[in-house]
Amino acid sequence: GGVDFHRESSAKQWATAYDLDAIKQGLMKKEAIRTREASQMQAFTMNLRRPQFQDARVRRALILTFDFEFANKNLFFGQYARVTNYFGEKELRSSGLPRGRELEILEEVRTDIPPEVFTTEYKLPVNNGPEDHRRHMGEAARLLAAAGYAPKNGVMTHTKTGQPLAVEFLLNDPQFERITQPYVGELKRLGIQATIRTVDPAQYERRKDDFDYDIIIDSFGQSASPGNEQREYWSSATADIKGSRNTLGLKSPAIDKLIDTVIFAKDRPELEAATRALDRVLLWGNYVIPQWYSPDDRIAYWDKYRRPDKLPSRAVSFLEVWWQD
């Protein structure tokens, strides 16, 4: 009775921790309400300041190795969907091939972006079974070979520098270890020296502010009208400012120009086209290993409230539109 309403953020808790007499008796309600709230990019974020992440082929290999479908089935009880774009709003996220005004904007930075931006729709690997995952692991191994790595005593080692390919996942919450450990296991199968380091929140913030990490988990919240915050996330000007939100360490003249196009868009169609162009270039950079989002709002509440049949499109808005019966 101490709480009237609770929004559950943990898939494991939602699946296992609500076997309550109050729910069985109908005194408490447990609902997963589908929302149209835009998903934000949450991801394993690579620090481009580190030499091992300079080659886009290495970054793509790390993306191919992550098995989201396994994690969703075995760790999240099938409750999540994959994040596939940096901008969740339908009119802001890229899809298909660029056309119209978006294509015109991309043509202005053609020489500074991957050529695939114009010819191929960006796709994340989907593992519908073990065969798919083996195929993606093989593709990752070929990319590492093309980037100059070869197995040496079971460790992926750069053939010219002799440096092993090593990555450390810096975490601040032990709960993320159960999520990261299977991924670390798959990276080790490729010969990548992958490790996890979990530190207390104060040390984590200090290391994050100093950009002292290989990979962290980060998220980049977006609104329906992107603007100045894009400079904080992706611009060259913020890459060397300690404590900035540019955790990637991105420095790209093309992305800088696309950010300005977003910020100085004179109308909504121009904003949408510029944002789709920025989204597309960020995706083709292979800078992050996208994670997941919940398409549902998971809520538990005592059965003394009612709500409209049709809720607002962006959130459950419990305190705003529900009422006590």
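As a reminder, the structure under discussion sits directly above these lines.
Note that the coordinates shown come from a computational prediction; the quantities given were computed from them, not determined experimentally. Here the residue numbering is sequential within each chain, running from 1 through the sequence in written order. Since the coordinates come from a predicted model, pLDDT governs what is reported: local features require at least 70, and pairs of side-chain atoms require 80 or more to be given and counted, while whole-chain, interface and lining totals use all residues. Only heavy atoms go into the side-chain values, all of them from the structure, while hydrogens and water stay out.

## Focus: the overall build of the protein chain
The test is simple: Numbering of helices and strands runs from the N terminus; a helix is a DSSP stretch of H or I covering at least four residues, while a strand is a stretch of E covering at least two. We compute the radius of gyration over the C-alpha atoms and compare it with the globule rule, which gives 2.2 Å times the number of residues raised to the power 0.38. Each residue gets one of three labels from its accessible area relative to the maximum for its type: buried under 20%, exposed over 50%, partly exposed in between, using a 1.4 Å probe on protein chains only. In this analysis, two residues are considered to be in contact whenever any of their non-hydrogen atoms come within 4.5 Å of each other. All accessibility values rest on the Shrake-Rupley procedure with a 1.4 Å probe; residue burial counts only the protein chains present in the view. Only four residue types enter the charge count, namely Lys and Arg as positive and Asp and Glu as negative; His and the chain termini do not. Note on charges: their place is set at NZ of Lys, CZ of Arg, CG of Asp or CD of Glu.
In terms of regular secondary structure, the protein chain is built from 13 helices and 14 strands. Expected size for 325 residues packed as a compact globule is a radius of gyration near 20 Å; at 22 Å, the protein chain falls within 12% of this value. Its C-alpha atoms give the protein chain principal-axis dimensions of roughly 70 × 55 × 40 Å. When the 325 residues of the protein chain are sorted by exposure, 48% land in the buried category. When contacts within the protein chain are restricted to residue pairs at least 6 apart in sequence, those whose partners lie at least 24 apart make up 73%. For the protein chain, the exposed area adds up to about 16,300 Å²; of that, 48% sits on carbon and sulfur atoms. Averaging the positions of the 47 positive and the 47 negative side-chain charges in the protein chain gives two centres separated by 3 Å.

## Section: the side chain of asparagine 127
Going by this rule: Distance and chemistry together define a polar contact, namely a pair of N or O atoms within 3.5 Å, with one atom able to donate a hydrogen and the other to accept it when in protein, and with adjacent residues in sequence counting only for side-chain atoms on both sides.
Here asparagine 127 shows up in the loop between α6 (116-119) and α7 (130-146). When its relative accessible area of 6% is taken as the criterion, asparagine 127 is described as buried. Polar contacts involving the side chain of asparagine 127 include one to the main-chain amide nitrogen of histidine 133, which spans 3.3 Å. In this structure the side chain of asparagine 127 is engaged in a polar contact, spanning 2.7 Å, whose partner is the side chain of histidine 136. For asparagine 127, the contacting residues outside a window of four places in its chain are Phe66, Asp67, Glu69, Asp132, His133 and His136.

## With respect to the packing of helix α11 (residues 253-263) against helix α12 (residues 268-284)
Cut-off, in case you're wondering: Under this scheme, a helix contributes an axis fitted over its contacting stretch, all axes are lines through C-alpha atoms, and angles between N-to-C directions fall in the 0 to 180 degree range. Angle categories: roughly parallel below 35 degrees, roughly antiparallel above 145, roughly perpendicular from 65 to 115, and oblique for all the rest. In this scheme, a crossing is called left-handed if the near helix is turned counterclockwise away from the far one by less than a right angle; it is called right-handed if the turn is clockwise. Ten residue types, Ala, Val, Leu, Ile, Met, Phe, Trp, Tyr, Cys and Pro, are classed as nonpolar, four, Asp, Glu, Lys and Arg, as charged, and the remainder, Gly among them, as polar.
Between α11 and α12, whose axes approach to 8 Å, the crossing angle comes to 155 degrees. Relative to α12, the element α11 lies roughly antiparallel. In this structure, α11 crosses over α12, and the sense of that crossing is left-handed. On the side of α11, the interface is formed by Ile255, Leu258, Ile259, Thr261 and Val262, while α12 contributes Glu270, Leu271, Ala274, Thr275, Ala277, Leu278, Val281 and Leu282. Of the residues assigned to the contact of α11 with α12, the class counts are 10 nonpolar, two polar and one charged.

## Topic: the packing of helix α3 (residues 56-65) against helix α8 (residues 177-189)
In the contact formed by α3 and α8, the axes pass within 10 Å of each other and the chain directions differ by 125 degrees. For the element pair α3 / α8, the angle class is oblique. In the crossing of α3 with α8, the sense of the turn from one axis to the other is right-handed. Between α3 and α8, the contacting residues are Leu62, Ile63 and Thr65 on the first element and Tyr183, Glu186 and Leu187 on the second. When its residues are assigned to classes, the contact of α3 with α8 shows four nonpolar, one polar and one charged.

## Some words on the environment of aspartate 218
Considering the arrangement of structural elements, one finds aspartate 218 in strand β9 (residues 215-220). With 155 residues separating them along the chain, aspartate 218 and isoleucine 63 place their C-alpha atoms 15 Å apart. Separated by 2.8 Å, the side chains of aspartate 218 and threonine 247 make a polar contact.

## Remarks on the nonpolar core
The test is simple: Put simply, a nonpolar core is a bunch of buried Ala, Val, Leu, Ile, Met, Phe, Trp, Tyr and Cys residues held in one set by side-chain atoms that sit within 4.5 Å of each other.
Grouped together as the largest cluster of nonpolar side chains are 73 residues, with contacts concentrated most on Leu62 and Trp234. For this core, the element with the highest residue contribution is α12, accounting for nine residues. Excluding anything up to four places from it in sequence, leucine 62 contacts Met46, Phe53, Val167, Tyr183, Leu187, Ile192, Ile215 and Ile289.

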